[in-house]
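# Results of the structural survey
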Amino acid sequence: MGYARVSSTGQNLDRQLTELKKYVPEENIVVDKQSGKDLERPGYQALKGTLGLRRGDTLVIKSLDRLSRNKQEMKQELQWFQKHGIQIQIIDLPTTMIKLAEGQEWIRDMVNNILVEVLSSIAEEERHMIRQRQKEGIAAAKARGKRFGRPQKGFPEHWEYYYAKYRAGELTRKYVLKELDISVDQFKYLVKKYQKGQESSDV
């Protein structure tokens, strides 16, 4: 199977499809035209679903960021495919494209394990930098007189800051949920409540 993704309907998939068709029949290529800021994409989720990839199958992608833009999520997805016995071939990473003789699968596993470790290190460093920038951003905004915290009763501390970053595509919903220690349902409720409050203040 092959997987291609662009961030919006206005972007062109031709370059990815041209490369993927060298390895996968066109009818076996799944396409998403949706941002990589999270994993909730219909085509990608179908690949991982009950009617999608099976143990022993191979998934070919053009580059690793087609799975996700988030390094931590890339790592988690690679581990998911490993756990389910699905081989990932990344065209932009030639070492993952090597055809191995029977009994030499350990070489591919070793390459994948190294890739996961590298992504883990990068993701940890990025998380540290993001948190540092967030602290600096909040401090700078407060210095300008901007008030963060509870814009209305019942909102988590710094809700406005994290929600604004989420809306701008700078943070994933999953990351915001973790930082604010709330569930998906709570997040949806807070978004509706916050938006309603904003609309009321604009009247």
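Report on the accompanying structure.

## Notes on the pairing of strand S4 (residues 87–90)
In S4, alternate side chains face the same way, and those of Gln-87 and Gln-89 on one face and Ile-88 and Ile-90 on the other are all buried. Relative to S4, strand S3 (residues 58–61) runs parallel, the two sharing four bridges. Note that in S4 the partner of Leu-59 across the bridge is Ile-88. Where the polypeptide runs from S3 across helix H3 (residues 71–83) and back to S4, its parallel neighbour, the crossover connection is right-handed.

## Notes on a nonpolar patch on the surface
On the surface, a cluster of nonpolar side chains totalling about 410 Å² of accessible area is made up of Trp-106, Met-110, Ile-114 and Val-118. Within the secondary structure, Trp-106 sits in helix H4 (residues 105–143). On the basis of relative accessibility, which here comes to 54%, the residue Trp-106 falls in the exposed class.

## Remarks on unusual backbone geometry
Most of the time, phi is negative for any residue but glycine, and the peptide bond is trans. With a phi angle near 55°, Asp-181 is a residue other than glycine that sits in the positive phi range. Residue placement: Asp-181 occurs in the loop between helix H6 (173–180) and helix H7 (184–202). Classification of Asp-181 by relative accessible area gives exposed; the value is 70%.

## Focus: the environment of Phe-187
By the secondary structure assignment, Phe-187 is in helix H7. Among the residues examined, Phe-187 registers a relative accessible area of 3% and is labelled buried.

## Let's talk about H3
The periodicity of an α-helix, 3.6 residues per turn, causes residues three or four positions apart to be oriented the same way. Between its first and last C-alpha, H3 extends 18 Å over 13 residues, near the 18 Å set by a 1.5 Å rise per residue. Taken together, the buried positions of H3 are occupied by Glu-73, Met-74, Lys-75, Glu-77, Leu-78 and Phe-81. Immediately beyond the C-terminal end of H3, within one or two residues, lies Gly-85, with a positive phi of roughly 70°.

## A short note on the pairing of strand S1 (residues 2–6)
Most of S1 is tucked away, with five of its five residues classed as buried. Of the two faces of S1, the one lined by Gly-2, Ala-4 and Val-6 and the one lined by Tyr-3 and Arg-5 are each fully buried. Of the strand pairs in this sheet, S1 and strand S2 (residues 29–33) are connected by five bridges, and their pairing is parallel. What sits directly across from Gly-2, in S2, is Ile-29. Strand direction decides the pairing type here: S1 and S3, joined by two bridges, are parallel. Looking at S3, one finds that Gly-2 is bridged to Val-60.

## Details of the nonpolar core
Among soluble globular proteins, nonpolar side chains are generally buried collectively. Residues Leu-59, Ile-61, Leu-64, Leu-67, Leu-78, Phe-81 and Ile-88 are the most contacted members of the largest nonpolar core, which totals 17 residues. Secondary-structure elements contributing two or more residues to this core are helix H2 (42–48), S3, H3, S4 and H4. For this core, the element with the highest residue contribution is H3, accounting for three residues. Of all hydrophobic cores here, the second largest spans 16 residues; its members include Trp-159, Phe-187, Val-191 and Tyr-194.

## Examining the pattern of salt bridges
Applying the stated criterion across every chain yields a total of five salt bridges. Here Asp-92 ties to Lys-62 by a salt bridge, and the two come within 2.6 Å at their closest N and O atoms. Pair noted here: Asp-92 is in the loop between S4 and H4 and Lys-62 is in the loop between S3 and H3, with a separation of 30 residues, a long-range link. For Lys-62, a relative accessible area of 11% translates into the label buried.

## Description of H6
If you check which residues of H6 are buried, you get Tyr-175, Val-176, Leu-177 and Leu-180. At the C-terminal side of H6, Asp-181 shows a positive phi close to 55°.

## What about the sheet that holds S2?
One open sheet accounts for four strands, arranged S2-S1-S3-S4; its pairing is parallel. Where the open sheet ends on each side, the last strands, each with one partner, are S2 and S4. Going from strand to strand, the sheet's axes swing by 25° on average, the running direction of each strand aside.

Calculation criteria
Residues numbered from 1 in each chain as written. Predicted model: local features only at pLDDT ≥ 70, side-chain atom pairs only at ≥ 80, totals over all residues. Heavy atoms only, no water. Buried < 20%, exposed > 50% of the residue type's maximum accessible area, 1.4 Å probe, protein only. Helix = DSSP H or I, 4+ residues; strand = E, 2+ residues; numbered from the N terminus. Pairing = 2+ DSSP bridges. Right-handed = clockwise from strand over helix to strand, strands pointing away. Patch = residues over 30% accessible without salt bridge, like charges linked within 9 Å, V, L, I, M, F, W, Y side chains within 5 Å. Areas by Shrake-Rupley, 256 points an atom, 1.4 Å probe, with all protein chains shown as cover. Salt bridge = Lys/Arg side-chain N within 4 Å of Asp/Glu carboxyl O. Expected span 1.5 Å × (residues − 1). Core = buried A, V, L, I, M, F, W, Y, C linked by side-chain atoms within 4.5 Å. Axes fitted to C-alpha atoms, helices over the stretch in contact; angles between N-to-C directions.

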